[in-house]
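Observations on the model geometry
One letter stands for each residue in the lines below.
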Amino acid sequence: MGSQSLVELDRVTVKFKAGTYLSRKTVTVLDEIDFSVSDGEIVGVVGESGCGKTTLARVIAGIVKPAGGTVLFQGKDIWKLKGREYSEFRRSVQMIHQDPYTSLNPMHTIFTTLSRPILKYGIVDRNSVEDYVAKMLSRVGLIPPEDFMYKYPHQLSGGQRQRVSIARALSLRPKLLIADEPVSMIDVSLRVDILKLISELRKEFSTTLLYITHDLATLRYIAGTGRLAVMYLGEIVEMSPIDTILENPMHPYTQLLISALPEPDPKITRTKRLPKLRSLDIPSISNPPPGCRFHTRCPYYIDGTCNVVKPRPVEISQNHYVACHLYTKR
Amino acid sequence: MNYLNKAHFKGRITRSAKEFLQILRRNKSGTVGLAILLLFIVLGTVGPMVVPKPVSDPSKIYLPLSWEHPFGTDFEGKDVFAQIVHGTPIVLQIAFLTGLLTILIAIVLGSISGFKGGLLDTVIMFAADIILTIPFIPLFMVLATIIKFSDARAIALLLAAFSWPSIARAIRSQILALRETTFIEAAKIIGYSTIEIIFREMLPNIAPFIAVSFIFASINAIYAQVGLAFLGIVPYIGENWGIMINRAYTYGAIFYSKSFWYNMAPILMIILLQTGLILFSRLLEDVLNPRVREE
Amino acid sequence: MSERILSVSKLSVVYGARRGFVNAVRNASLDIYRGECLALVGESGSGKTTLALSIVRALPTNAKILQGSILYRLNPNSEIDIARLSEDEIRKIRWKEIAMVFQGSMNAFNPVLKIREHFIETVKAHGIAIDRKELIDRAAKLLSLVMLDANRVLNSYPHQLSGGMKQRTLIALALMLEPKILILDEPTSALDVVSQKTVLNVLSNLKKELNLSMVFITHDLAITAEVADRVGVMYAGQLVEVGDIYGVYYKPLHPYTQGLLKAIPRLKGSVDIASIPGSPPDLINPPRGCTFHPRCPFAMDICRREEPPETHTNDRIVKCWLYAKDSKVI
């Protein structure tokens, strides 16, 4: 709505080769995805394991090359960038990974891990970098910074390592921050702090945030009024502001997801019933069902349509897109 | 720069020195290895300056051990200990030079192979496989008829050419494993170039392996050169210990009881040096791995 | 009130580590009744898995039961102390009286054996003489209790079953020898939401059909809300609160329980969440007095000096000085 489009994916398809020498298969992990993120907004991507959300993050981060379609960052195709423009793109898109135990180089001190990227992009010069790193460490709650600067990752707890990751990503002042399940491997009582930190820093640095998770409740906390994309088996099935989806989920898979998610409230969660599914079997990503990928389980299955034609996203109300034949018959 | 200043850096250096001493204390076998190695280095650098060059003296053939002749004398009356001392520099030179060249070649080829993959990987690994099948002693014998081996460097280079394949393979598989790690993915997203990633992010993780490979490449080089010298393929380059064994064999020293020390001295030295190197490699592993340092 | 089948009393378990002894479980007391599902909830390091493993004496070799008893009601007039049994005697109890489904045990299937052979092998391994047909009948009955097509599953190989199906098969397998207690350690962590909900429904079903007692170990308060009758909250090796699920969730007594419930983001309602300040304690040198006092908003002087006693109210057991004066102090 008037905001500049920061990231735009146009019919992006990603294929991976899987299997052994004897049975090499090509798996289509993302199938003609259209996706965009506007400057300054928060977008969440939710889905179960294997739905392709992490691959989507990697495509946007520019480390997975699509087999088809284009990935635009600030209007330019990222795979055609060279020299200065490429360097600028790299600096502008940063990521926080899920596993704090493997996302930091075990052989580097925290200072090395943080200072090298800062020096690489000339954010500050050699004389000021130590101060800058100390400031970043304080900002992410690692106080006093001297206690952490020259330690190695294995000397820090998971939560502390995750804060280092956040510091590393944000010290480059990126335009887009991709957070891939940043708290799923952290204890429940400590998650809030990390979430609050990401939230505050995002506001402070005016960074656009793309938050990937399978936990809808966490997303609701951090996304506020942002948009949410629901993914299933490599496709985006529904996309809308998060409140709209929670109050009025349109896609049968979204409805299934919400009804199946346990909630920390016994009365509420025990009255939730699963919709009557056609099958409890989950198709494999290497052999997806034809047409709409959800049709094998969908309670609203229309024979002849859902198993033949792939539904394209349709805007059914303000900013609310659904890819489902129930709504394409217009 | 208030709380962070030069003092902090100095603190780091003294801390590292303290950590190093801690490692020495904990890793006793490694410290022994270090001591032996230092002994040989001193022997090889200072020794030849202090110990006179061995001269043949027919009146002193196969003398027993004494202070003047700690290892006795050989069939020509030359002092055995002096021969050892004057042979040490060349042994060490070839050993470490070969070790160094081997790992340099292995790092470059192994990393490119592992990181880039594709055609380059296939070609390099194919070359490695071919080299692994070539028996090096017969090859050296053939080469010896064409090339004059008078230079330690030439020998080192040639030995390195035979030793790099297995180490390169090992480095390649470690690089392959590292490539899939999250912190390498993070490095790519930060925007480091391929060279930066290989050398600053990946290699430090295999530094212990590289250091140990260096030691073992050196150990192999010692065996190789001694073996070649013993077989007479590599002509007389100074007083290489292998030459001593060769001469002992050729001049029938193995049939005399009096020449026992002439036979044993080089062998003992080789064993001692190799043991020292192996023990030292254990120390290197600890020093290079920050995780071990902490407790 | 159903009968009590297991009574853990003042149990303490330590692990030997390089730096010293890790107090994994300290002075824990817990009762389990027939036909109920008791959830052991806690974050990493809380001791919930250690406590559960102690019940079947499946602790690793560097662990030791320091003190306490685990009284199991073998039959109406005899109780045995599991903590004091020999290895041989324990073997008679495991699987026949108390069975366990571990985390990741989905990978424990033998890939070259059909599922029916797994059932046969398991029964044979415990030296039960049972006629083949009766065995398969029993297996089939259990498989349908866990909502699986018995015929199809029995004749399949493990790789032909999905994660959720494997997990349910494992549960059926664990019940073959008709144990009275089933211990489950994060049984749904690797499953998609629908499989998860199905497994949880199945467990509730089994509870009723077989009068089965269950000990359900998890860190997830939402899953607990879905399936537990009573919940035991663990912190740093101690059971800080045990009680009926509705009571604990809607009127948590212990400050840690209150903190935990406030720290979880929810799908509906207020987005206000708060973390518990501080960090988990060092289990080798736990704080004096009440272990939680450094992080407790209500810490009093006595909390810093003495470990609180167990206070029994009508539906709750709480270890907290806030309540020690009011009710019976045991």
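Residues numbered from 1 in each chain as written. Chains lettered and ligands numbered in written order. Predicted model: local features only at pLDDT ≥ 70, side-chain atom pairs only at ≥ 80, totals over all residues.

In the annotation of an unreviewed UniProt entry, the entry for chain C reads ABC transporter ATP-binding protein, and the organism field reads Ignisphaera aggregans.

Looking up chain B in an unreviewed UniProt entry gives the name ABC transporter permease, with the organism given as Ignisphaera aggregans. In its Subcellular location (unreviewed entry) section, the UniProt record describing chain B reads: "Cell membrane". Listed under Sequence similarities (unreviewed entry) in UniProt, the entry text for chain B is "Belongs to the binding-protein-dependent transport system permease family." (UniProt positions renumbered as here; feature names shortened; annotations may be inferred.)

Further remarks concern the overall build of chain B. Scanning chain B from terminus to terminus reveals twelve helices and zero strands. Along chain B, helices and strands appear, N-terminal first, in the series α-α-α-α-α-α-α-α-α-α-α-α. With respect to the three principal axes, the spread of C-alpha positions in chain B is 75 × 50 × 25 Å. In chain B, which comprises 295 residues, the share counted as buried stands at 38%. (Helix = DSSP H or I, 4+ residues; strand = E, 2+ residues; numbered from the N terminus. Buried ≥ 20, exposed ≤ 12 C-beta atoms within 10 Å, placed from the backbone.)

Before going further, it helps to examine the overall build of chain C. Helix and strand counts for chain C stand at twelve helices and 13 strands. Taking 2.2 N^0.38 as the reference for a compact globule, 330 residues should give roughly 20 Å; the C-alpha atoms of chain C span a radius of gyration of 21 Å, in line with that estimate. Principal-axis analysis of the C-alpha atoms gives chain C an extent of 65 × 50 × 45 Å. When the 330 residues of chain C are sorted by exposure, 45% land in the buried category. (Rg over C-alpha atoms; globule rule 2.2 N^0.38 Å.)

In this section: the interface of chain C and chain A. Each partner contributes residues to the interface: chain C has 31 residues there, and chain A has 31 residues. For the side of chain C that touches chain A, the elements supplying multiple residues, two or more each, are α7 (193-210), α8 (221-227), α9 (245-250) and α10 (255-262) of chain C. Sort the elements by how many residues they give to the side of chain C that touches chain A and α8 of chain C lands first, with five residues. (Contact = placed C-beta atoms within 7 Å.)

Each partner contributes to the interface: chain B provides 20 residues, whereas chain A provides 24 residues. Looking at the side of chain B that touches chain A, the elements that each hand over two or more residues are α1 (6-26), α8 (182-190), α9 (194-231) and α12 (290-293) of chain B. Take the side of chain B that touches chain A: its biggest share by element is seven residues, from α8 of chain B. Tallied by class, the residues present in the side of chain B that touches chain A amount to nine nonpolar, five polar and six charged. (Nonpolar A, V, L, I, M, F, W, Y, C, P; charged D, E, K, R; others polar.)

Residue and element names in this part refer to chain B. Between the first and last C-alpha of helix α2 (residues 28-45) there are 26 Å, a value that for 18 residues agrees with the 26 Å anticipated at 1.5 Å per step. Buried within α2 we find G30, G33, F40 and L43. Across the axial projection of α2, the buried residues extend over an arc of 145 degrees, all falling on one side. Turned more than 90 degrees away from the buried face of α2, the exposed residues are K28, L38, V42 and T45. Packing partners of the buried residues in α2 comprise α3 (47-50), α4 (80-116) and α11 (260-288). (Expected span 1.5 Å × (residues − 1). Arc of directions from axis to C-beta.)

In this section: the UniProt feature "transmembrane region" (unreviewed entry) in chain B. All names here are of chain B. Here the UniProt feature "transmembrane region" (unreviewed entry) sits at residues 32-51, 90-112, 124-147, 209-237 and 260-284. Its end C-alpha atoms 33 Å apart, residues 90-112 is made of 100% helix and 0% strand. A distance of 27 Å separates the end C-alpha atoms of residues 124-147, which is 88% helix and 0% strand.

This brings us to the UniProt feature "domain: ABC transporter" (unreviewed entry) in chain C. What UniProt calls "domain: ABC transporter" (unreviewed entry) maps, in this numbering, to residues 3-261 of chain C. Helix makes up 37% of residues 3-261 of chain C and strand 30%. Its end C-alpha atoms lie 30 Å apart.

The next subject is the nonpolar core. Within the largest apolar cluster, 165 residues are counted, with the highest numbers of intra-cluster contacts made by I60, I178 and L210 of chain A. No other element matches α4 of chain B, which puts 16 residues into this core. Dropping the residues within four chain positions of it, L210 of chain A is found in contact with V37, V43, V45, A57, I60, L176 and I178 of chain A. The next biggest cluster of nonpolar side chains, apart from the first, holds 95 residues, and it includes A139, L173, V231 and M234 of chain C. (Core = buried A, V, L, I, M, F, W, Y, C linked by C-beta atoms within 7 Å.)

Looking now at the sheet that holds strand β11 (residues 314-317) of chain A. All names here are of chain A. Spatial ordering of the open sheet is given by β6-β7-β8-β3-β9-β10-β12-β11, a layout of eight strands whose pairing is mixed. At either end of the open sheet lies a strand with only one pairing partner, and these are β6 (93-96) and β11. Taken over all neighbouring pairs, the strand axes of this sheet differ in orientation by 20 degrees on average, direction set aside. Two strands pair when backbone bridges link them, and β11 and strand β12 (residues 320-322) are joined in this way by three bridges, in the antiparallel orientation. From the neighbouring strand, V314 faces β12, where its bridge partner is V322. (Pairing = 2+ DSSP bridges. Axes fitted to C-alpha atoms, helices over the stretch in contact; angles between N-to-C directions.)

Another aspect to go through is the pairing of strand β9 (residues 230-235) of chain C. Residues and elements named next belong to chain C. Counting buried residues in β9 gives six out of six residues, a clear majority hidden from the surface. Residues of β9 alternate between two faces, with R230, G232 and M234 on one and V231, V233 and Y235 on the opposite face, all of them buried. Pairing analysis gives four bridges linking strand β3 (residues 37-41) to β9, with the strands arranged parallel. Bridge pairing in β9 places V41 opposite V233. As paired strands, β9 and strand β10 (residues 238-244) are joined by six bridges and run antiparallel to one another. If you follow V231 over to β10, its bridge partner there is G243. Between β9 and β10, which pair antiparallel and follow one another directly, the connecting turn spans two residues, one of which, A236, has a positive phi of 50 degrees.

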